[in-house]
Amino acid sequence: MAEATSSASQDLFNCPVCLEPQNDPVSIPCGHIHCMTCITSFWDQTGDYSCPQCRQTFVSRPALQRNTLVAEQSDADPSCVVCDICTWRKLRAVKFCLTCLAFYCEEHIQFHQESEALRRHVLVEPNGHIHQKMCTRHQKVLQLFCRTDQTAVCYLCLTGDHQGHDANTTEEERAVKQIELGVTQSKLLKRIQEKQEELHQIRHNIDLLKSSAERETQESRKIFTSLVCIIEDAQKKVIELIRQQETREMEKAERAMSQLEKEIEELKKKNAELTELSKTVDHIHFLQVFPTLYIPPEKHLLNNSAVNMDFPSKDLRKELSRLKEHLEEISKLGFVRRIDRVRAPPAPNIREDFLPYSCQLTLDGKTANKVLAVSEEKSMVTWRKYPPRRSHGRKKPSIVKHQIMCGERLAGTRCYWEVEWSGEVDIGVVYKGVATKAKPHFGDDDRSWCLNCSSRLYSCFSARHNNVETIITADRCPKIGVYLDYAAGYLSFYSVSNTMSLLHQFKATFPKPLCPVFALLYGSAVNICQLK
């Protein structure tokens, strides 16, 4: 009973929020007491003025009043206990009676000192852990330790459940356990020392690894620099051999030119006919006449023996063979293959495989023509409306595409982005530093690659690079995915809907950083999608 009373008296001074002795206790309208910091933090975090204990809600934030009674008790040592006899104002206990099993304050302990019957009781210093030292069965002090059951017992326990067990006083058992504690602590200290030495060794190995990596990096740079010099020297020799072969073939070409003059005249006539046909407004006539004016590919018109484009020079083959052997020796190094193994792009029908490589692009308004309007987010570009002209009405729609580049530079990694388009646009990449306002369209030289998308033509897509155009047979799709594997040299364009379909793939070597670029015809628009 005394133990329960002591526990209840202790709980009286504990904050319901932090469950610790109350610090600066305050009362709220429902009557419950909390720490000032706990209740204010609770209201600030929840935004709800309610009691954490009874859940009563208040309309406005209540005014907090300091609880003087609890404050006087909590101002004492947090480890102190209160008197079990006090009925209203609990005072601090100064003694604990091992016979009565109760705490007594300075006032109530006088009964023990004045009464002959109570004077024989053993009084000890009070603390909050007295109940842990009492036998729950006999309500006596635990003064013995049962080695058989490894538990603390009182003297009455030896006559009951622990009769005949090996028992020892708590002082003697503590001395034995203290020795075991010392042995265990020595083992722990030894393990700590071993772990510290292991940690030190790992840190030392990290330092060695960094030094080794830096050293190998410098050596690799020297080797690759030497390799570049070798390649440049081989390039000079190859060019020299090519020029020599070129001179010889030019003589043959001069003779072939006279044979081609007649064919050129015929081609000019057909070209004039095509020009005339292109101006006709009769669609039926156009479709009927056009097949008769179809010109076969140029390679069928040339005489195969006119100009020899092969260079079977023994010196050239020898130099290229030596260069190839050198490169093969480098490629045989296992760590090179492990560091960056060239692979083909992921499966084109699984969009999730591309999303980890997604990069966020932003349009660079400085590279755009004034007829193009860029959104504030720098993700969308459209044509501006032509302003009215006073004398000639509105300006006619332009048949020239105007370009705009992105501010990002892509190199040495894999990148993926998606574009929504309308009208007629070019979606592609160019080398860094290529002017966007130059006359040639993207794909007309070896510095740019692009996919033309048109909603006006029967064939919606075509790919172009180095002035070579490839017509793509595919259904129109308003969203295009672009995947760049810079290291492997792949640039791929996909139509993106429920699945991904490969439209075209370029294979090239990119020695310089690339910039995403777009070209728009009048009335067209491009929007760079936001990918997560």
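Rules used throughout
Each chain carries its own residue numbering, running from 1 in the written order of its sequence. Totals for whole chains, interfaces and linings use all residues, but because this is a predicted model, local features are given only for residues with pLDDT of at least 70 and pairs of side-chain atoms are given and counted only at 80 or more. Only hydrogens and water are set aside; all other atoms, that is, all heavy atoms of the structure, feed into the side-chain values. Only runs of H or I of at least four residues qualify as helices and only runs of E of at least two qualify as strands under DSSP, and these elements are numbered from the N terminus. Whether a residue is buried, partly exposed or exposed follows from its accessible area with a 1.4 Å probe, protein chains only, as a fraction of its type maximum: under 20%, in between, or over 50%, in that order. Contacts between residues were defined by any pair of non-hydrogen atoms, one from each residue, lying within 4.5 Å. Side-chain atoms within 4.5 Å are what join buried Ala, Val, Leu, Ile, Met, Phe, Trp, Tyr and Cys residues into a set we call a nonpolar core. The criterion for strand pairing is that DSSP finds at least two bridges linking the strands in question. Pairing of aromatic rings covers Phe, Tyr and Trp, the last counted by its six-membered ring, and requires centre-to-centre distances within 6.5 Å; plane angles under 30 degrees mean stacked, over 60 mean edge-to-face, and any other angle means tilted. Any Lys NZ or Arg CZ found within 6 Å of a ring centre and within 35 degrees of that ring's normal is scored as a charge over the ring. Only one rule defines a salt bridge in this text: a Lys or Arg side-chain nitrogen within 4 Å of an Asp or Glu carboxyl oxygen. Axis definition: a line fitted to C-alpha atoms, limited for helices to the stretch in contact. Angles are taken between N-to-C directions and run from 0 to 180 degrees.

Draft legend 1. Representation of the overall build of the protein within the structure. Per the secondary structure count, the protein includes 8 helices and 22 strands. Relative to its 532 residues, the protein shows a buried fraction of 31%. In the protein, once contacts between residues fewer than 6 apart in sequence are set aside, the share between residues at least 24 apart is 53%.

Draft legend 2. Spatial organisation of the nonpolar core. Residues F461, I480 and F518 are the most contacted members of the largest nonpolar core, which totals 41 residues. Grouped together as the second largest cluster of nonpolar side chains are 8 residues, F354, Y494, C529 and L531 included.

Draft legend 3. Structural view of the pairing of strand β19 (residues 490–496). Counting buried positions along β19 gives 7 out of 7 residues, so the element sits mostly inside the fold. Sheet topology places strand β18 (residues 479–485) next to β19; 6 bridges connect them, and they run antiparallel. Looking at β19, one finds that L484 is bridged to L491. The hairpin turn running from β18 into β19, its antiparallel successor, is 4 residues long, and G489 in that turn takes a positive phi close to 80°. Across 7 bridges, β19 lies against strand β20 (residues 500–507) in antiparallel orientation. Note that in β20 the partner of Y490 across the bridge is K507.

Draft legend 4. Structural detail: the packing of aromatic side chains. Taken as a whole, this structure holds 12 aromatic pairs when the rule is applied. When the ring of W43 is compared with that of Y49, the centres are 6.0 Å apart and the planes differ by 80°; the resulting orientation is edge-to-face. An aromatic cluster is defined as three or more aromatic residues linked by ring pairs; in this entry it consists of F354, Y357, Y416, Y483 and Y494. Above the face of the W421 ring, R476 is positioned so that its terminal group lies 4.9 Å from the ring centre. Positioned above the aromatic ring of Y490, the side-chain terminus of K507 is 5.3 Å from the ring centre.

Draft legend 5. Highlighting the pattern of salt bridges. In the structure shown here, the tally under the stated rule is 12 salt bridges. Among the salt bridges present, the one from D445 reaches R447, with a minimum N-O distance of 3.3 Å. For D445, a relative accessible area of 19% corresponds to the buried category. Put simply, R147, D166, E173, K177 and E180 are held in one network by salt bridges that share partners.

Draft legend 6. Expanded view of unusual backbone geometry. Of note, K378 is a non-glycine position whose phi angle comes to about 60°, a positive value. Structurally, K378 can be placed in the loop between β10 (372–374) and β11 (380–383). At N467, a position not held by glycine, the phi torsion is positive, near 65°. For N467, the position within the fold is in the loop between β16 (461–465) and β17 (468–472).

Draft legend 7. Molecular detail of the sheet that holds strand β1 (residues 25–27). An order of β2-β1-β3 is seen for the 3 strands of this open sheet, with the pairing classed as antiparallel. Each edge of the open sheet is held by one strand with a lone partner, namely β2 (33–35) and β3 (65–66). Strand direction decides the pairing type here: β1 and β3, joined by 2 bridges, are antiparallel. What sits directly across from S27, in β3, is Q65. Here helix α2 (residues 36–46) sits on the sheet and contacts β1 and β2; the angle it forms with β2, its principal contact strand, is near 90°.

Draft legend 8. A look at the environment of W417. Among the structural elements, W417 can be located in strand β13 (residues 414–422). Between the C-alpha atoms of W417 and C359, which are 58 residues apart in sequence, the distance is 6.2 Å.

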